[in-house]
Amino acid sequence: VWTIEKTKVDKANVYVTKVWMADPGRQIGKATADWRKNVMQTADIAKRAPEASLIINASGYVTKTYKWIPENYPGTNSDYYYTPLGSVTVTDGEVFRCLEGVPFYGLTLNADGLRLHVGDDPLEVLAQKPRHTWSFYVECPVILDHQSILDPEWKFTNTPAMRTVIAKIDANNYLILTVTSKNGGLTMARVVELLQAEFDPEWAYNLDGGPSSALMYRNSKGKLKTVWKNGQKNVDIMTFSE
């Protein structure tokens, strides 16, 4: 069960999506572009998850345009083209990447739902047998154990922008903030402040934002509807089903 509400925060338009699931480990899913081949429009990736009723953009990624990789990744930029960021990549239980010795910052889907990882050892992450992973920058875990862990030196902390942020409220409830480009968006500092004041989540994670941000759903007839349309292609999505 999910609801989408539109509100205004500091002149920026924000969509607040509240999701309740009886079984998050089953109802949360993932669909992706083709590994090391391309990135795709979010709506086209969503076609690969026909069971999904709610769809958001997810991982950051590396392409010929967005070449940056962390310094501790082995190899060169081109080794990671058309793949998500993150030292661990798992989709439908299949391990596509495990960079041993490179800490994992991201989300995994396990039997009990989403788990946040903040610098965890990749082998320990895989030992938990996740079904899916999503990842972006190392600074993207922003709330942990109800406390802000936002890096004050991160360039996005005080830079307004479009955002897609997911937060876990409790075992069955999750929250998604989709901050649009209206009046420049919001800083991560403001987003964290808002989340803590209004929702007090267990944790919060900043998914890929900017023009990658997308929020879509399927109506009762199964037709895909767009609440906020991404301005550029994505490498994967996070989905929610009934």
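Along each chain, residue indices are assigned from 1 in the same order as the chain's sequence is written. Where totals are concerned, whole chains, interfaces and linings use all residues; where local detail is concerned, this predicted model gives features only for residues with pLDDT of at least 70, and gives and counts side-chain atom pairs only at 80 or more. Processing note: side-chain calculations cover all non-hydrogen atoms of the structure and skip hydrogens and water entirely.

1. A few points about the sheet that holds strand 1 (residues 2-9)
Item 1. Spatially, seven strands are ordered 1-2-15-14-16-12-13 in an open sheet, and the strand pairing comes out antiparallel. The sheet terminates laterally at strand 1 and strand 13 (147-148), the two strands that pair on one side only.
Item 2. Sheet topology note: the strand 12 (residues 141-144)/strand 16 (residues 203-207) ladder contains three bridges and is antiparallel. The residue bridging Ile-143 from the neighbouring strand is Ala-204, located in strand 16. For two strands to pair, DSSP has to find at least two bridges joining them. Helix and strand definitions follow DSSP, with helices as H or I runs of at least four residues and strands as E runs of at least two, each counted in order from the N terminus.

2. Side note on the pattern of salt bridges
Item 1. When a carboxyl oxygen of Asp or Glu is within 4 Å of a side-chain nitrogen of Lys or Arg, the pair counts as a salt bridge. In total, this model carries seven salt bridges according to the counting rule given.
Item 2. Between Asp-34 and Arg-48 there is a salt bridge; the shortest N-O distance is 3.1 Å. Of this pair, Asp-34 sits in the loop between strand 3 (28-32) and helix 2 (42-46) while Arg-48 sits in the loop between helix 2 and strand 4 (54-57), and the two are 14 residues apart along the sequence.
Item 3. Only protein chains enter the calculation, and the probe is 1.4 Å; a residue is then buried if its accessible area is under 20% of its type maximum, exposed if over 50%, and partly exposed in between. Taking the relative accessible area as the measure of exposure, Arg-48 reaches 43% and is therefore partly exposed.
Item 4. The shortest N-O distance in the salt bridge between Glu-202 and Lys-168 comes to 3.8 Å. Separated by 34 residues along the polypeptide, Glu-202 in the loop between helix 4 (188-198) and strand 16 and Lys-168 in strand 14 (residues 163-168) bring together distant segments of the chain.
Item 5. In this structure Lys-168 comes out as buried when scored by relative accessible area, which is 12%.

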